[in-house]
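Chain by chain, the residues run as shown.
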Amino acid sequence: MSDSAITRKTPEEVVFLKPSRGWIRLNLADLWRYRELIYFLTWRDVKVRYKQTVLGAGWAILQPLINMVVLSLIFGRFANMPTDGIPRPIFTFTALLPWGLFAKALSDTGRSMLANRSMITKIYFPRLIIPLASVLGGLVDFAIQFVILIFMMLFYGFAPTLAIVTLPFFLLLALATALGFGLWLSALNVLYRDVNYILPFLTQLWLLVTPVAYSESVVPEEWQWLYALNPMVSVVEGFRWALLDAPAPEIGTLLISSIITVIVLITGMYYFRRMERTFADLV
Amino acid sequence: MDMSDNIAIRVEDLGKKYRIGAQVARYQTLRDTLVSATKAPIRALTRRRFTPTNTIWALDGVSFEVQKGEVLGVIGRNGAGKSTLLKILSRVTEPSKGSAEIHGRVGSLLEVGTGFHPELTGRENIALNGAILGMKRAEIDRKFDEIVEFSGVEKFIDTPVKWYSSGMYLRLAFAVAAHMEPEILVVDEVLAVGDAEFQRKCLGKMGDVAGQGRTVLFVSHNMSAILRLTQETIVLEKGRLVLRAPSAQAVDYYLSSGYAQSGEHTWQPDEIPADSHPFIPIALRVRNPQGAIVDTLRSVEPLHIEIEYRLQAAINGLRVGIYLLTTQGEQIFTSFDTDDQQQYETYTNRPAGNYLSRCTIPADFLNEGRYIIGVNASTFRQRRYFQYENALTFTIDPSGAPGMQWGELRLGAIRPRLDWQIQHNDHSPMGTHSVPGASGRRDE
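Residues numbered from 1 in each chain as written. Chains lettered and ligands numbered in written order. Predicted model: local features only at pLDDT ≥ 70, side-chain atom pairs only at ≥ 80, totals over all residues. Heavy atoms only, no water.

Draft legend 1. Region of the structure containing a negative patch on the surface. Residues and elements named next belong to chain B. Taken together, the side chains of Asp145, Glu146, Glu149 and Glu154 make up a negatively charged region of the molecular surface. Note on placement: Glu154 falls in the loop between α5 (137-151) and α6 (166-178). The partly exposed category is assigned to Glu154, whose relative accessible area is 43%. (Patch = residues over 30% accessible without salt bridge, like charges linked within 9 Å, V, L, I, M, F, W, Y side chains within 5 Å. Areas by Shrake-Rupley, 256 points an atom, 1.4 Å probe, with all protein chains shown as cover. Salt bridge = Lys/Arg side-chain N within 4 Å of Asp/Glu carboxyl O. Lys, Arg positive; Asp, Glu negative; His and termini not counted. Charge placed at Lys NZ, Arg CZ, Asp CG, Glu CD. Helix = DSSP H or I, 4+ residues; strand = E, 2+ residues; numbered from the N terminus. Buried < 20%, exposed > 50% of the residue type's maximum accessible area, 1.4 Å probe, protein only.)

Here it is, written out as structure tokens:
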């Protein structure tokens, strides 16, 4: 068997199909082989997103700007939440960047399996690609918004400190958190369509427990550990620290957030893989 | 080289179990689970499997091998397990038991146009669809011109495909799929879509693929295509493999097997594909002039073919019709109930309700032999609600037909009683020019 594989001129791929039992291997090598599909699906999502809209990619800019105005009004004018001395618009906008990326990725991912039903029921490819592409699709909007943020930083006179080198880490943390929870939600959504209805509430509530419109300093000391269970707290604080020289996130908070994200991501991948064998039959 | 080198597909005891009702209630809500969990806490806690009575084996204990370069046909009624087999082999779904071994890249023509996005242009969709079908970017770039040329949509390649006609859309989709060059090609009923010209092109492409020595698994209801393209064919019946034989033999077995005997075909709810809604077929019958449902009819008498169906909602532009084929797969004719201009005006828009479309095949029309009726309900160039290629077969008995006095087998599908005029011409030039022996006999 194996010796013939060596003597053969072109290596032939042999696939064995069997019922799988229990927990399945993640098979990330397969994911790598299909990396072009990840690229193409991400590209499709981006390309299609603002088709047949008047403003086109302008929406990528307008959405966080409107959010910024609304949140600044409510939390500043009415609730008068602290901002650690940073001008409120840029304080909020800096947090809205990773938050927007996260919230969009979460809801897109949660719905992604149903949205790509026709592909799933007709053709093989590693199913993980679908939620993955949904998460990555948000990066283009993020990049556009980042340019706006640079202009705002110039306007308000913020010069980046050395802490800016940590920005990719916090971006990665946001993406990993979105993917982790997204994997759970997308797999659950195949089984239980309730997820569709839960998603909007989930993102709304999540926004309230994330210091997007207020500083985390309003949270009492004894509750900080509980607050840290939300990885987006670290992400938002990290962004403000890296870009606006706000107080750095506590190392303990950071650690808890990272551990939570890693746990959710890994369990999410395994749960997704475990459910994968039934996707084509149930979706 | 040992024998195992020549195997393309090896399937052993392959089975796929589905839960019954999965098609009716396609997904459960969280509430259902919670309710059943509280009703049966023990079952939920111990994670027991559902009781076996709730499951159905769509595919059961199927074993076969396909050699490299072989073109194998797969036939069987709707629900016999053909699609399930293909889904397992193309890795869309997992088997519940048994195993399959596949040597080489599998491409399937069952996913023509999968992942096509209406907002993207033809050019963009080629790239996307190619990637979905597992083609490398370099491969897509290399074949791009060829794909565009095959599809015949050059002029509109930078137009979003949502502006394409359904024919253009299909041609482009097929062109991409046809150029992926897998070692193993799986084809399922693509030939049922598109116009005749396009079907010819598809069949031609399939012939090419087979000719290049690649392995092809060809699932079809089109018996003439099966006979033309495959050497061997497997027959599936209720999820089991009942026969593997040279295609002519397999087709013959399939056409004459059990269900075809009665003169009537009724559709069970589980045989009706979900996308046929709102068209629900009920029965197809063949009746003799006395109104009895029979399997054997006389060539010299008219016969009636009727389709009973229900429309759950009104359909505009509906036409319900039949195909008639010989058991060799030759198409004799296609006819729709609204072919007639007056019928068309009255019935092209049909409200919901029960219907019976009935036609009469005149006396002295069909030759002796067995015939296949296929059913089609569609709107012209828009949608095919329901198609069933081999719904029913019947036998024509030739007694009393013209020419029976010689007891020979007449070739051809029809046996018309033509109005012959024979003129006896005394002053025929025949006599003067004829060779004595031959003409002498003719004059007798």
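Here the narrative resumes, following the displayed structure.
Draft legend 2. Spotlight on the pattern of salt bridges. Inspection of the entire model under this criterion finds 28 salt bridges over all chains. The shortest N-O distance in the salt bridge between B:Lys16 and A:Asp281 comes to 2.9 Å. With B:Lys16 in strand β1 (residues 7-19) and A:Asp281 in helix α13 (residues 251-282), this residue pair bridges two chains. Since its relative accessible area comes to 4%, B:Lys16 is described here as buried. Classification of A:Asp281 as partly exposed rests on a relative accessible area of 23%.

Draft legend 3. Looking closely at a nonpolar patch on the surface. Residues and elements named next belong to chain A. Where nonpolar side chains cluster on the molecular surface, the patch consists of Val54, Leu55, Trp59, Leu62, Ile66, Val69, Val70, Leu73, Ile74 and Phe78 and spans about 940 Å² of accessible area. Note that Ile74 resides in helix α4 (residues 58-78). Note on Ile74: relative accessible area 41%, which makes it partly exposed.

Draft legend 4. Region of interest: the sheet that holds strand β2 (residues 55-67) of chain B. A sheet is described by the order of its strands in space; here 4 strands give the open sequence β1(A)-β4(B)-β1(B)-β2(B), paired in antiparallel fashion. The two strands at the open ends of the sheet, each matched to only one other strand, are β1 (14-17) of chain A together with β2 of chain B. In this sheet, neighbouring strand axes are inclined to one another by 15 degrees on average, regardless of whether the strands run parallel or antiparallel. Where β1(A) meets strand β4 (residues 97-103) of chain B, 4 bridges bridge the pair, whose relative direction is antiparallel. (Pairing = 2+ DSSP bridges. Axes fitted to C-alpha atoms, helices over the stretch in contact; angles between N-to-C directions.)

Draft legend 5. Representation of the interface of chain A and chain B within the structure. In this complex, chain A contributes 45 residues to the contact, which on the side of chain B involves 49 residues. Between chain A and chain B, the buried area comes to about 4,200 Å², and carbon and sulfur atoms account for 56% of it. A per-residue breakdown of the area chain A buries against chain B is headed by A:Leu17, A:Phe40 and A:Lys122, which together make up 15% of the total. Counting every contact that joins chain A to chain B gives 2 salt bridges. Notably, a salt bridge pairs A:Lys47 with B:Glu124, separated by 2.8 Å at the nearest N-O pair. At the junction of chain A with chain B, the criterion picks out 9 residue pairs in polar contact (both at pLDDT 80 or more). Mapped by element, the contributors of at least two residues to the side of chain A that touches chain B are β1, α2 (28-33), α3 (35-49), α6 (117-120), α9 (167-191) and α13 of chain A. Of the residues forming the side of chain A that touches chain B, the biggest block, 9 residues, is contributed by α3(A). Grouping the amino acids of the side of chain A that touches chain B by side-chain chemistry returns 22 nonpolar, 5 polar and 18 charged. (Contact = heavy atoms within 4.5 Å. Buried area = accessible area lost by both parts, 1.4 Å probe. Polar contact = N/O pair within 3.5 Å; in protein donor to acceptor, adjacent residues only side chain to side chain. Nonpolar A, V, L, I, M, F, W, Y, C, P; charged D, E, K, R; others polar.)

Draft legend 6. Main features of α6(B). Between its first and last C-alpha atoms α6(B) spans 18 Å; for 13 residues at 1.5 Å apiece the expected length is 18 Å, and the two agree. Where α6(B) is concerned, the buried positions are B:Met168, B:Leu170, B:Leu172, B:Ala173, B:Phe174, B:Ala175, B:Val176, B:Ala177 and B:Ala178. (Expected span 1.5 Å × (residues − 1).)

Draft legend 7. Representation of the packing of aromatic side chains in the model. Here the structure, examined in full by the defined rule, presents 24 aromatic pairs over all chains. Geometrically, the ring pair formed by A:Tyr39 and A:Phe40 is edge-to-face, given 5.4 Å between the ring centres and 65 degrees between the ring planes. Owing to a relative accessible area of 5%, A:Phe40 belongs among the buried residues under this scheme. Connected via pairs of aromatic rings, a cluster forms that spans B:Trp267, B:Phe279, B:Tyr309, B:Tyr355, B:Phe386 and B:Tyr388. Lying across the ring of A:Phe91, A:Arg240 places its NZ or CZ 3.5 Å from the centre. Here B:Arg319 stacks its cationic end above the ring of B:Phe336, 4.2 Å away from the centre of that ring. (Phe/Tyr/Trp six-rings, centres within 6.5 Å; stacked < 30°, edge-to-face > 60°. Lys NZ or Arg CZ within 6 Å of the ring centre and 35° of its normal.)

Draft legend 8. Focus on the confidence of the model for chain B. Residue and element names in this part refer to chain B. On average, residues of chain B score 81 in pLDDT, and 82% of them are at 70 or above. Predicted confidence for residues 434-444 stays below pLDDT 50, and this span has 2 contacts to residues more than four positions away or in other chains. With pTM at 0.71, the complex prediction returns an ipTM value of 0.79. (pLDDT = per-residue confidence, 0-100.)

Draft legend 9. Inspection of the packing of helix α4 (residues 122-132) of chain B against α5(B) at higher detail. Residue and element names in this part refer to chain B. Packing of α4 against α5 brings their axes to within 11 Å, and their N-to-C directions diverge by 125 degrees. Judged by the angle between their axes, α4 and α5 are oblique. The crossing of α4 and α5 is right-handed. In this structure, α4 uses Arg123, Ile126, Ala127, Gly130 and Ala131 to contact α5, whose residues at the interface are Ile140, Phe144, Ile147 and Val148. Taken together, the residues of the contact of α4 with α5 break down into 7 nonpolar, 1 polar and 1 charged. (Parallel < 35°, antiparallel > 145°, perpendicular 65-115°, else oblique. Left-handed = near helix turned anticlockwise from the far one by under 90°.)

Draft legend 10. Representation of the sheet that holds strand β6 (residues 184-188) of chain B within the structure. Residues and elements named next belong to chain B. Taken together, the 6 strands give an open sheet; going across it, the order is β5-β6-β7-β3-β8-β9, and neighbouring strands pair in mixed fashion. Here the strands that pair on one side only, and so sit at the sheet edges, are β5 (106-108) and β9 (240-246). Adjacent strand axes in the sheet meet at a mean angle of 20 degrees, parallel and antiparallel pairs treated alike. Relative to β6, β5 runs parallel, the two being bridged by 3 bridges. Paired with Ser108 across the strands is Val186, a residue of β6.

Draft legend 11. Structural view of the confidence of the model for chain A. Residues and elements named next belong to chain A. Averaged over chain A, the pLDDT score is 87; the fraction of residues at 70 or greater is 95%. Per-element confidence in chain A ranges from a low mean pLDDT of 38 for helix α1 (residues 2-7) to a high of 95 for α9. Counting contacts from residues 1-9, a segment whose pLDDT is below 50, to residues more than four positions away or on other chains yields 3 contacts.

Draft legend 12. The pairing of strand β7 (residues 215-219) of chain B, seen in detail. All names here are of chain B. Among the 5 residues in β7, 5 count as buried, and that is most of the element. Of the strand pairs in this sheet, strand β3 (residues 71-76) and β7 are connected by 4 bridges, and their pairing is parallel. Pairing of Leu72 across the sheet is with Leu217, part of β7.

Draft legend 13. Molecular detail of unusual backbone geometry. Residues and elements named next belong to chain B. In this structure, Pro278 follows His277 across a cis peptide bond, with omega equal to 5 degrees. Tracing the backbone shows Pro278 in the loop between β10 (264-266) and β11 (279-287). Despite not being glycine, Arg381 shows a phi value in the positive range, around 60 degrees. Inspection of the secondary structure assignment puts Arg381 in the loop between β19 (369-379) and β20 (383-397).

Draft legend 14. Region of the structure containing the environment of B:Ile56. Residues and elements named next belong to chain B. With respect to the element layout, Ile56 can be found in strand β2. Residue Ile56 is classed as partly exposed on the basis of its relative accessible area, which comes to 41%. It is 9.6 Å that separates the C-alpha atoms of Ile56 and Gly239, two residues lying 183 residues apart in sequence.

Draft legend 15. Seen up close, α4(B). Within α4(B), 10 of the 11 residues are buried, leaving the element largely enclosed by the surrounding structure. All of the buried residues along α4(B) are B:Gly122, B:Glu124, B:Asn125, B:Ile126, B:Ala127, B:Leu128, B:Asn129, B:Gly130, B:Ala131 and B:Ile132. For α4(B), the secondary structure elements touched by its buried residues are α3 and α6 of chain A together with α5 and α6 of chain B.

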